[in-house]
Amino acid sequence: MNRLEIKSTFTVDDAGAIEGVAWPFGTPDRVGDLIEKGAFSGVRTPLPILFGHDPNDAIGVWESAAETASGFVVKGRLLVDDMPRAREVRALVRSGAVSGLSIGFSTRKAAPRVGARGRVISALDLVEVSLVTVPSHPGARVTSAKSAAAAFAIAGAITRAAAALRSK
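The model shown is predicted, which means the values in this text are computed figures rather than measured ones.

Reading guide: rules and limits
- Per chain, residues are indexed from 1 in the order of the written sequence.
- Where local features are concerned, this predicted model is filtered to residues with pLDDT of at least 70; where side-chain atom pairs are given and counted, the filter is 80 or more; whole-chain, interface and lining totals use all residues.
- Based on all heavy atoms of the structure, the side-chain values leave hydrogens and waters out of the count.
- The way it works is that DSSP assigns letters per residue, a run of H or I at least four long becomes a helix, a run of E at least two long becomes a strand, and they are numbered from the N terminus.
- Classification of residues uses two cut-offs on accessible area relative to the type maximum, computed with a 1.4 Å probe and protein chains only: under 20% is buried, over 50% is exposed, and between them is partly exposed.
- Computed by Shrake-Rupley with a 1.4 Å probe, the accessible areas treat only the displayed protein chains as cover when residues are assessed.
- Any two residues whose heavy atoms approach within 4.5 Å are treated as being in contact.
- In the sections that follow, a salt bridge refers to a side-chain nitrogen of Lys or Arg positioned within 4 Å of a carboxyl oxygen of Asp or Glu.
- Note on aromatic contacts: the rings of Phe and Tyr and the six-membered ring of Trp form a pair at centre separations within 6.5 Å, being stacked when their planes are under 30 degrees apart, edge-to-face when over 60 apart, and tilted otherwise.
- Consider the ring centre and the ring normal. A charge sits over the ring if Lys NZ or Arg CZ is within 6 Å of that centre and within 35 degrees of that normal.

Visitor: Can you walk me through the overall build of the protein chain in this structure?
Guide: Within the protein chain, the secondary structure is distributed over two helices and 10 strands. Along the protein chain, helices (α) and strands (β) appear in the sequence β-β-β-β-β-β-β-α-β-β-β-α when read from the amino end. For the protein chain, buried positions account for 40% of its 168 residues. Counting every atom, the protein chain has about 8700 Å² of accessible surface; 58% of that belongs to carbon and sulfur.

Visitor: Looking at this structure, how should I read the environment of alanine 110?
Guide: Within the secondary structure layout, alanine 110 lies in strand β8 (residues 100-112). Exposure remark for alanine 110: the relative accessible area of 39% places this residue in the partly exposed category. In this structure, alanine 110 is in contact with Arg119, Val120 and Ile121, ignoring residues within four places of it in sequence.

Visitor: I'm lost on the pattern of salt bridges in this one. Help?
Guide: It is possible for side chains bearing opposite charge to pair when their charged atoms get close. In the structure shown here, the tally under the stated rule is five salt bridges. Of the charged contacts, one joins arginine 77 and glutamate 63 as a salt bridge, the two residues approaching to 2.5 Å between their closest N and O atoms. On the criterion of sequence distance, the pair formed by arginine 77 in strand β7 (residues 71-78) and glutamate 63 in strand β6 (residues 58-67) is long-range, its members being 14 residues apart. The partly exposed category is assigned to arginine 77, whose relative accessible area is 37%. Given a relative accessible area of 43%, glutamate 63 falls into the partly exposed group. For the salt bridge of aspartate 125 with arginine 108, the shortest nitrogen-to-oxygen distance reads 3.1 Å. With a gap of 17 residues between them, aspartate 125 in strand β9 (residues 119-132) and arginine 108 in strand β8 connect regions that are remote in the sequence. A relative accessible area of 39% means that aspartate 125 is categorised as partly exposed. Where salt bridges share partners, they join Asp57, Arg85 and Glu88 into one cluster.

Visitor: Which parts of the structure should I look at to understand unusual backbone geometry?
Guide: Excluding glycine, residues mostly have negative phi values, and the peptide bonds linking residues are mostly trans. Put simply, threonine 45 and proline 46 share a cis peptide bond, and its omega is 5°. Position of proline 46 among the secondary structure elements: in the loop between β4 (34-35) and β5 (47-51).

Visitor: What should I look at first to understand the packing of aromatic side chains in this one?
Guide: For any two aromatic rings, the description comes down to two numbers: the centre-to-centre distance and the angle of the planes. Applying the stated rule across the entire model yields two aromatic pairs. Ring centres of phenylalanine 25 and phenylalanine 40 lie 6.3 Å apart, and the angle between their planes is 50°; on these two criteria the pair is classed as tilted. With a gap of 15 residues between them, phenylalanine 25 in the loop between β3 (17-24) and β4 and phenylalanine 40 in the loop between β4 and β5 connect regions that are remote in the sequence. Side by side, phenylalanine 25 and phenylalanine 40 carry an identical accessibility label, which is buried. Both rings, one in phenylalanine 40 and one in phenylalanine 72, keep their centres 4.0 Å apart while their planes meet at 5°; by these two values the pair is stacked. Here the residue phenylalanine 40 occupies a position in the loop between β4 and β5, and phenylalanine 72 occupies one in strand β7, the gap between them amounting to 32 residues. Exposure remark for phenylalanine 40: the relative accessible area of 3% places this residue in the buried category. Counting every residue linked through ring pairs, the aromatic cluster contains Phe25, Phe40 and Phe72. Over the ring of phenylalanine 51 we find arginine 85, and its NZ or CZ is 4.7 Å from the ring centre.

And the structure:
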């Protein structure tokens, strides 16, 4: 049976740069599904960033995606310079109202989990990664939403410190 499935930590900066863990390995999601490391091996970027899995609400692009020891990590950008909706979603992420990631995929290979509900998914075709309020996997969260204002403040502090050291 072919069906599109939704599963998925992340952050976003002033320019719209965003990254997160779209699927943490080693723990099941709310319906008991586990996705094994290696299942994402065929993923190619770019991939769309959707809001709430709505194919009519594309707000950015995932530019890189990789499996790490702990999970499937995505990095991309919200199109905040070009789309008012992307700016709205960035504000929701910053406020904490939206903090989840969820993957949309078709299962290629899976087996029932032994002694537990859900499946062990060993191969899938990833279609998109969405920003959501409640992810299927509780560990799928935005991990970085860097702030340009914070970066400028740090740079200013370093500049002031360097100037103070030069004057001594």
